[in-house]
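Secondary and tertiary structure notes
These are the residues of each chain, in order.
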Amino acid sequence: MDTPLVWEPLWHKYPSPYYKQSHHDFRDKIRAFVNREILPFIHKWDEKGEYPSELRTKAYKAGIYGALWPSKYGGTPPTGSDHTWDAFHALVWHDELARCASGGLMASCFLPLGWGLLPVIKYGIQDAHKQQRVCRECISGEKTIALAVSEPMAGS
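Along each chain, numbering runs from 1 in the same order as the chain's sequence is written. Given that this is a predicted model, residues contribute local features only at a pLDDT of at least 70 and side-chain atom pairs are listed and counted only at 80 or more, while totals for whole chains, interfaces and linings are drawn from all residues. Hydrogen atoms and water are omitted, and side-chain values are computed over all heavy atoms in the structure.

What follows is about helix α5 (residues 103-110). Working definition: with a 1.4 Å probe on protein chains only, accessible area under 20% of the residue-type maximum means buried, over 50% means exposed, and in between means partly exposed. In this description a helix means any DSSP run of H or I spanning at least four residues, a strand means any run of E spanning at least two, and both kinds are numbered starting from the N terminus. Of all the residues in α5, the buried ones are L105, M106, C109 and F110. In an axial view of α5, the angular spread of the buried residues amounts to 100°, which keeps them on one side of the axis. Where the residues of α5 are buried, they touch α1 (21-38), α2 (42-48), α3 (54-61), α4 (87-97) and α6 (112-124). The directions from the helix axis to the C-beta atoms are what the arc is built from. Contact criterion: two residues are considered in contact whenever any of their non-hydrogen atoms come within 4.5 Å of each other.

What follows is the structure in structure tokens.
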């Protein structure tokens, strides 16, 4: 008998007052993407130390890369979650993408968008047209973004 890579959490098996149909549909969509576009290649990417840049645009077109961002910036919120998006959608997003078992891929491909773009939206670009352009290019996976922090005695 093959041992599964990841055990199915109990909250996937039992009724929950928190997980609605949109959460289950979103989970299925991300899981299918991870199984099809990431798991067959992840070991090679990890050994090489890089992933194909088109992975971001593939994930965007699949409704995953921009899923945590508002549609006004080019985001693709989960189907059925309009006006009912909640933190459990974000939990599903992180949980399912983590099934790739590669912290390097998560930290280099999927997480920088949250780290780098949010400060741009909140504090950086005040010009609405420029903000839209930067957000759409990053959220669509066309470009990537990073956050660099520096302090007199520390930083990243």
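Moving on to the packing of α1 against α4. Angle between the axes and distance between the axes: these two values describe a pair of packed helices. Note on geometry: axes are C-alpha line fits, over the in-contact stretch for helices, and angles between N-to-C directions span 0 to 180 degrees. Running from N to C, α1 and α4 cross one another at 20°; their axes reach a closest spacing of 9 Å. Classified by the interaxial angle, the pair formed by α1 and α4 is roughly parallel. Seen along the crossing, α1 lies across α4 with a hand that is right-handed. Two secondary-structure elements touch here, α1 through S22, H23, F26, R27, I30, R31 and V34 and α4 through F88, H89, V92, W93, E96 and L97. Along the lines of polarity and charge, the residues of the contact of α1 with α4 split into seven nonpolar, three polar and three charged. Angle categories: roughly parallel below 35 degrees, roughly antiparallel above 145, roughly perpendicular from 65 to 115, and oblique for all the rest. Rotating anticlockwise by less than a right angle from the far helix to the near helix defines a left-handed crossing, while the corresponding clockwise rotation defines a right-handed one. Side-chain classes follow a simple rule in which Ala, Val, Leu, Ile, Met, Phe, Trp, Tyr, Cys and Pro form the nonpolar group, Asp, Glu, Lys and Arg form the charged group, and the remainder, Gly included, forms the polar group.

What follows concerns the nonpolar core. In these notes, a set of buried Ala, Val, Leu, Ile, Met, Phe, Trp, Tyr and Cys residues joined through side-chain atoms within 4.5 Å is what counts as a nonpolar core. Counting 33 residues, the largest nonpolar core has I38, L105, F110 and L117 as its most contacted members. At the level of elements, α1, α2, α3, α4, α5, α6 and α7 (128-139) are the ones that each hand at least two residues to this core. Per-element accounting of this core gives the leading share, five residues, to α1.

Note on ring pairs: Phe, Tyr and Trp rings are taken, using the six-membered ring of Trp, and paired if centres are within 6.5 Å. Classes follow the plane angle, with under 30 degrees stacked, over 60 edge-to-face and the rest tilted. Taken as a whole and judged by the stated rule, the model has five aromatic pairs. Consider the rings of F41 and W45, whose centres lie 5.8 Å apart with planes at 25°: the pair is stacked. Judged by its relative accessible area of 11%, W45 falls in the buried class. Judged by centre distance (6.0 Å) and plane angle (55°), the ring pair of Y65 and F110 falls under tilted.

Look at A101: it is not a glycine, yet its phi comes out positive at around 60°. Looking at the element boundaries, A101 is found in the loop between α4 and α5.

Below, the discussion takes up the packing of α6 against α7. Packing of α6 against α7 brings their axes to within 11 Å, and their N-to-C directions diverge by 170°. Classed by the angle they form, the pair α6 and α7 counts as roughly antiparallel. Of the residues in α7, those in contact with L113, L117, V120 and I121 of α6 are Q131, V134, C135, C138 and I139. Tallied by class, residues from the contact of α6 with α7 come to eight nonpolar, one polar and no charged.

Another aspect to go through is the pattern of salt bridges. Definition used for salt bridges: Asp or Glu carboxyl oxygen within 4 Å of a side-chain nitrogen of Lys or Arg. In this structure the tally under the stated criterion is eight salt bridges. Where R27 meets D28, a salt bridge forms, and the shortest distance between an N and an O atom there is 3.9 Å. We classify R27 as buried; its relative accessible area is 12%. Residue D28 is classed as partly exposed on the basis of its relative accessible area, which comes to 44%. Note that R133 and E137 form a salt bridge whose closest N and O atoms lie 3.9 Å from each other. Of the two residues, R133 and E137 both sit in helix α7, four residues apart, roughly one turn of that helix.

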